[in-house]
Amino acid sequence: MGARKQPYTAGLPGQPMTRLKLLSVFLACLTACAANTKEDTGSTGLTFIHINDTYRIGAVESGNAGGLGRVATIVRELQEQGRDVRILHGGDFLYPSLESQLWNGEQMVDALNYLDDIAPLYLVPGNHEFDRRTPEHLINAVRGSRFDWLGDNYQLQTGADDVDAAIRSGFIFEHDGRKIGIFALILHFEYGGNERDYVTTDIDHLAVAKRTIEAFETQGADLIIGLTHLHLWQDAELARLKAEHPAFMFIGGGHEHEPQFAAPTMRSAAIVKGASNARVIWQIDVRFDDNGRPGISTTKIELDQWIETDEGYAELAAKWRARLLDKFPFLVARVGVAAVPLDGREETVRNTESNWGNFVADQMRTAFGDEPADLAFINSGSLRIDDFVSGDITFEDIGRTFGFSSYLRYLTITGAEFKAMMEAGYRGEGRSKGHFPQVSGFRICVDHSRAEMHRIVSLQVPANEEWQEIDADADYEVVVPDFLYQGGDGYEIPRGRPASKTGSELKYLVLDAIMAAQAQGKQVGEKLDPANPRIEILGQQRESCWQKKWTRPMKKGDRGRPFCLPIPSMIRT
Ligand SMILES: [Zn+2]
């Protein structure tokens with residue numbers, strides 16, 4: 001994994017910044033500020049750059065994809081063409097990440113401030129901005145932000161009046177004599193947002209949007225846009241307000257981690273969402289016809305290795321990199337070696353079987369003793385590295401994989417209960433859901449064309465050297481993250497069944513397993529075995545489950561064993 005190996009060379013740990021470097025940062029800032037305050041006169045038009053769900057200071061995929069430094073480059077290029085650029089951020093940035101465990105998102109505020117100095121940045125908070133139960137870190141983040149925090153369907157009650165008042169509700173800015181109205185909506189806790197006593201959210205965001213749009217129309221807005229952190233289906237509902245409000249042209253959204261696009265129609269506004277960590281961003285160019293009617297053109301931009309990282313931003317990234325290594329010099333230490341590249345990219349772990357997900361889930365089953373539990377799974381939203389783990393595995397790979405605490409529970413439930421519970425992992429439309437599970441001890445086949453909560457076509461467990469459907473009446477021992485046990489990500493774990501207290505933390509089990517392999521001179525992980533998939537998603541090339549001839553349910557040395565053993569002690573930490 002190598003975001004860390006790449007552009008940070010400008011600020012190697014312990015190497016003081018030279019005067020020259022400081023000067024160049026200062027000059028970069030001066031140029032940026034000048035661009036920022038430039039009036040629209042002479043602008044060749046208005047462009048929005050939309051990003052969302054950015055957790056990392058640096059790029060991902062070995063430094064080859066995404067990163068706000070590449071966003072800065074794109075913005076500057078558009079400005080050089082004379083465009084009036086505004087940056088939209090669809091939320092989720094303060095948490096979770098390795099750095100946020102140290103600085104509570106201060107590093108991301110610094111990064112977004114940098115972008116805001118280049119072009120005005122408007123942000124709607126995502127659910128992760130409310131990850132903390134108490135408001136002090138949010139207070140610090142808002143106070144530290146030079147960019148604007150927006151929102152029309154919520155109010156803060158943080159106890160800090162300046163912060164509560166800093167949230168901008170629907171407003172209009174001018175471009176070349178045209179009025180542009182922006183409103184913003186966040187996710188209510190009933191839909192999966194965080195429930196916090198320092199924020200009050202109006203659940204009827206559609207009514208809020210309608211009122212705000214009507215107010216914009218009264219003020220003569222020429223173009224109206226929505227900035228949201230909602231589920232895609234909620235954005236789709238919202239987009240239909242265009243039928244009544246023709247100036248409502250597009251929604252820049254967040255929450256989903258892979259690109260989303262709905263084309264604009266006469267009756268529906270366009271929807272754009274980028275990929276997490278700015279792997280994919282959107283450019284929305286605005287134009288007005290002779291009658292003043294707005295039009296937009298949207299361009300999806302993949303931020304790959306061909307787009308350079310902005311120099312000033314690289315300095316910022318190097319600064320945070322040096323701080324991180326100053327705190328934790330051991331992060332770069334090798335703890336083991338990956339036998340093959342282990343794929344922890346969100347595009348993989350949130351949609352399909354991943355060999356990094358398999359390795360992690362396999363460690364869960366022995367969390368409560370050497371005798372492995374029958375079944376285990378983890379929501380892919382708990383796996384945050386968004387990168388390959390390859391070659392030398394470092395502490396940092398483990399730290400980045402687990403952005404949250406990862407305590408586990410052990411419980412005993414029936415096969416029927418387990419299968420019903422797993423349906424939650426396949427709900428919703430579209431790709432890349434954080435509730436999509438990585439699994440161990442069973443194989444599962446899913447058909448998304450079926451009705452929600454009835455999508456599992458087959459869930460099989462090994463028995464007598466073959467696979468067979470899970471026994472609805474038998475008891476199974478299951479290990480799950482405590483987050484899911486508590487009802488996180490919509491999994492409903494049956495109550496009143498035997499369950500342990502929270503036990504081992506998965507982060508350390510994974511570390512342990514890698515170090516144990518290293519001690520024995522072994523490498524960890526393996527390629528996915530196409531003859532023995534753990535997860536099959538029907539559709540496209542595959543029409544029925546388990547088409548390939550069964551070869552082996554478990555290989556020698558696997559942790560399979562007969563079922564229905566006596567229930568072991570419930571607390572095995
Ligand atoms: Zn979100």
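What counts and what doesn't
- Residues numbered from 1 in each chain as written.
- Predicted model: local features only at pLDDT ≥ 70, side-chain atom pairs only at ≥ 80, totals over all residues.
- Heavy atoms only, no water.
- Disulfide = S-S within 2.5 Å.
- Helix = DSSP H or I, 4+ residues; strand = E, 2+ residues; numbered from the N terminus.
- Buried < 20%, exposed > 50% of the residue type's maximum accessible area, 1.4 Å probe, protein only.
- Contact = heavy atoms within 4.5 Å.
- Polar contact = N/O pair within 3.5 Å; in protein donor to acceptor, adjacent residues only side chain to side chain.
- Axes fitted to C-alpha atoms, helices over the stretch in contact; angles between N-to-C directions.
- Parallel < 35°, antiparallel > 145°, perpendicular 65-115°, else oblique.
- Nonpolar A, V, L, I, M, F, W, Y, C, P; charged D, E, K, R; others polar.
- Donors = N, O, S within 2.8 Å, 3.2 Å for Na, K, Ca; no water.
- Tetrahedral: all angles 85-135°; square planar, octahedral: opposite > 155°, others 65-115°.
- Salt bridge = Lys/Arg side-chain N within 4 Å of Asp/Glu carboxyl O.
- pLDDT = per-residue confidence, 0-100.
- Patch = residues over 30% accessible without salt bridge, like charges linked within 9 Å, V, L, I, M, F, W, Y side chains within 5 Å.
- Areas by Shrake-Rupley, 256 points an atom, 1.4 Å probe, with all protein chains shown as cover.
- Lys, Arg positive; Asp, Glu negative; His and termini not counted.
- Charge placed at Lys NZ, Arg CZ, Asp CG, Glu CD.

> In this structure, what is going on with the state of the cysteines? I would like to understand it.
Cysteine pairs can be covalently joined through their sulfur atoms, and such a bond is termed a disulfide. If you walk through the whole model with that rule in mind, you get one disulfide. Cys445 shares a disulfide with Cys545; S-S distance 2.0 Å. One disulfide, between Cys445 and Cys545, carries an S-S torsion of -80° and so falls in the left-handed class. Taken together, the positions of Cys445 in strand 22 (residues 443-446) and Cys545 in the segment after strand 26 (535-537) put the pair 100 residues apart, joining distant regions of the chain. The class for Cys445 is buried, based on a relative accessible area of 0%.

> Hey, could you run me through the environment of Tyr55 in this one?
With respect to the element layout, Tyr55 can be found in the loop between strand 1 (45-51) and helix 2 (68-80). Considered as a pair, Tyr55 and Ser97 are 42 residues apart in the sequence and their alpha carbons are 6.2 Å apart. Every residue in contact with Tyr55, bar those within four places of it in the chain, is listed here: Asp92, Phe93, Tyr95, Pro96, Ser97, Met108, His128, His257, Asn277 and Arg384. Looking at Tyr55, its side chain comes within polar contact range of the side chain of Arg384, at 3.4 Å.

> Mind showing me how you'd approach the packing of helix 2 against helix 4 (residues 106-118) here?
For the pair helix 2 and helix 4, the least separation of the axes is 10 Å and the interaxial angle reads 10°. The angle between helix 2 and helix 4 falls in the class roughly parallel. Of the residues in helix 4, those in contact with Leu68, Val71, Ala72, Val75, Arg76 and Gln79 of helix 2 are Met108, Ala111, Leu112, Tyr114, Leu115 and Ile118. Tallied by class, residues from the contact of helix 2 with helix 4 come to ten nonpolar, one polar and one charged.

> Just checking my understanding: could you explain the packing of helix 11 (residues 355-364) against helix 15 (residues 506-519) for this structure?
A packed helix pair is summarised by two numbers, namely the angle formed by the two axes and the spacing between the axes. Packing of helix 11 against helix 15 leaves a shortest axis separation of 9 Å and a crossing angle of 105°. The angle between the axes of helix 11 and helix 15 places the two elements in the roughly perpendicular class. Of helix 15, the residues touching helix 11 (which contributes Trp356, Phe359, Val360, Gln363 and Met364) are Leu506, Leu509, Val510, Ala513 and Ile514.

> Explain the coordination of the zinc ion here, please?
Around a metal, the perfect tetrahedron of four donors has angles of 109.5 degrees, and the perfect octahedron of six donors has angles of 90 or 180 degrees. Each protein donor to the zinc ion is listed here as Asp92 (OD), Asn127 (OD1), His229 (NE2) and His255 (ND1); together their distances run 2.0 to 2.1 Å. Coordination at the zinc ion comes from four donor atoms whose angles at the metal span 85 to 156°, giving a geometry best classed as irregular. Donor residues for the zinc ion, ordered by position in the chain, follow D-x34-N-x101-H-x25-H. Of this pair, Asn127 sits in the loop between strand 3 (121-123) and helix 5 (136-144) while His255 sits in the loop between strand 10 (248-252) and strand 11 (260-262), and the two are 128 residues apart along the sequence.

> In this structure, what is going on with the pattern of salt bridges? I would like to understand it.
Evaluated as defined, the whole model comprises 25 salt bridges. Among the ionic pairs, Arg83 bridges to Asp285, the shortest N-O distance being 3.6 Å. Note that Arg83 is positioned in strand 2 (residues 83-89) and Asp285 in strand 13 (residues 280-288), a separation of 202 residues in sequence. With relative accessibility at 16%, the residue Arg83 sits in the buried group. Three or more residues are tied together by salt bridges with common partners; here these are Glu99, Arg321, Glu396 and Arg400.

> Where do I start with the confidence of the model for the protein in this structure?
Parts of the model with low pLDDT should not have their predicted coordinates read in detail. Summarising the model, the protein shows a mean pLDDT of 88, and 88% of its residues fall at 70 or more. Contacts for the low-pLDDT stretch residues 1-41, under 50 throughout, to residues beyond four places or in other chains number 61 contacts. Contacts of residues 559-573 to residues separated by more than four positions or lying in other chains number 39 contacts, the stretch itself having pLDDT below 50.

> In this structure, what is going on with a negative patch on the surface? I would like to understand it.
Together, Glu77, Glu80, Glu308 and Glu311 make up a region of like negative charge exposed at the surface. Structurally, Glu311 is set in helix 9 (residues 311-327).

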